[in-house]
Amino acid sequence: MAEACKLAAGNWKMNGLRADLAEARALAAACSEPGCGVLLCPPATLIAPMAEALAGSRVMGGGQDCHASESGAHTGDIAARMLADAGARHVILGHSERRADHLESSEVVAAKARAAQAAGLVAIVCVGETEAERDAGRTLDVVLGQLAASLPDGSSAANTVIAYEPVWAIGTGRTPSLEQIAEVHDALRTAVPDAAMSLLYGGSVKPGNAAEIFAIGNVDGALVGGASLKAADFAAIVAALDAA
Ligand code: PGA
């Protein structure tokens, strides 16, 4: 069976001006040795300049969302092939902030993932339960339900990565127990259409907890928000994944 690729993915969310490309350059300098995949997803305005700044380095660039259509009358939206044209290799889709702020359903996420894959991008499809859903004992139902509805036909390890991000762990400093992460990742491994698909954990990953999270079976990397904004923090997370 093919091994899942290791990936440390940073999500800058709505943070970053051109001056912050210095952090991306510093990350590339700190990660000069070959190892796991390293990805930064800045706001759309920085994708092209970041791709130029990081050309030839180990650090890839990606987007945080795309539209399901190839082009057309969709003011303010960005098509997957525009991201690819700007130098993106991946795109995050179905992040809980977009599911909440933009009412994105799993069906919408699947349509976006299909567009991303068709444009040659790797879709990073996010799933995760709210605290109320966990408290109600519905975590696996919710996560596996989102997974099934968010992946278009033809999703494979080559064009899709899954990120498990409990909503209550994002930006809060709280993380599930290692057993709770393992339970969800084991279930995801069984449920994904291609067993070699990379499974990332996301939600308050930082240098201090990365190694123990990466030691969990079926965790192939992380999707990192806050701790990806500073090169030193993210480089420490990359180093932990390299060592795992
Ligand atoms: P966080 O965000 O690392 O700041 O918790 C993770 C994410 O939303 O991808």
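Attention in this report is confined to the structure presented alongside it.

Parameters and conventions
Residues numbered from 1 in each chain as written. Predicted model: local features only at pLDDT ≥ 70, side-chain atom pairs only at ≥ 80, totals over all residues. Heavy atoms only, no water. Pairing = 2+ DSSP bridges. Helix = DSSP H or I, 4+ residues; strand = E, 2+ residues; numbered from the N terminus. Axes fitted to C-alpha atoms, helices over the stretch in contact; angles between N-to-C directions. Contact = heavy atoms within 4.5 Å. Left-handed = near helix turned anticlockwise from the far one by under 90°. Nonpolar A, V, L, I, M, F, W, Y, C, P; charged D, E, K, R; others polar. Near = heavy atom within 4 Å. Polar contact = N/O pair within 3.5 Å; in protein donor to acceptor, adjacent residues only side chain to side chain. Core = buried A, V, L, I, M, F, W, Y, C linked by side-chain atoms within 4.5 Å. Buried < 20%, exposed > 50% of the residue type's maximum accessible area, 1.4 Å probe, protein only. Salt bridge = Lys/Arg side-chain N within 4 Å of Asp/Glu carboxyl O. Expected span 1.5 Å × (residues − 1).

What to know about the sheet that holds strand β2 (residues 37–41)
The eight strands are arranged β1-β2-β3-β4-β5-β6-β7-β8 in a closed barrel whose pairing can be described as parallel. Each neighbouring strand pair of the sheet contributes to a mean axis angle of 25°, computed without reference to strand direction. For strand β6 (residues 160–164) and strand β7 (residues 198–202), the ladder comprises four bridges, and the chain directions are parallel. Opposite Ile162, over in β7, you have Leu199 as the bridge partner. Sheet strands in contact with helix α7 (residues 139–150) are β5 (122–127) and β6, and its direction is about 150° off that of β5.

Topic: the packing of helix α1 (residues 21–30) against helix α10 (residues 231–243)
Following both chains from N to C, one finds α1 and α10 inclined at 35°, their axes separated by 9 Å at the closest point. Of the two elements, α1 crosses α10, and the hand of that crossing is right-handed. Of the residues in α10, those in contact with Glu23, Ala26, Leu27 and Ala30 of α1 are Ala231, Phe234 and Ala235. Residues that form the contact of α1 with α10 fall into these classes: six nonpolar, no polar and one charged.

A look at the site of the ligand
For the ligand, the set of nearby residues contains 13 residues, the closest of which are Lys13, His95, Glu165, Gly171 and Ser204. Between Gly225 and the ligand, the recorded distance is 2.8 Å, taken from a backbone N or O atom to an oxygen atom. Among the residues making up the shell around the ligand, the classes are represented as four nonpolar, seven polar and two charged.

A look at the nonpolar core
Counting residues in each nonpolar core, the largest one holds 59 residues, and the members touching the most others are Leu27, Ile162, Phe214 and Phe234. Here this core gets seven residues from one element, more than from any other, and that element is α10. Beyond its immediate sequence surroundings of up to four residues, Phe214 is in contact with Val219, Gly221, Ala222, Ile237, Ala240, Leu241 and Ala244.

Some words on the pattern of salt bridges
All chains considered together, the criterion is met by ten salt bridges. A salt bridge links Arg134 to Glu129, with the shortest nitrogen-to-oxygen separation between them at 2.8 Å. Judged by its relative accessible area of 16%, Arg134 is buried. What you see here is one network of salt bridges that share partners, running through Asp65, Arg98, Glu104 and Lys112.

A few points about α10
Under the 1.5 Å per step criterion, the end-to-end length of α10 is 18 Å for 13 residues, consistent within 8% with the ideal 18 Å. Burial in α10 covers these residues: Ala231, Phe234, Ala235, Ile237, Val238, Ala240 and Leu241. Where the residues of α10 are buried, they touch β1 (7–11), α1, β2, α9 (207–214) and β8 (221–224).

Quick look at the environment of Ser150
For Ser150, the location among the structural elements is in helix α7. Setting aside residues up to four positions removed in sequence, Ser150 forms contacts with Arg99, Ser106, Val109, Ala110, Ala113 and Val125. Among the polar contacts listed, one links the side chain of Ser150 to the side chain of Arg99, at a separation of 3.1 Å.

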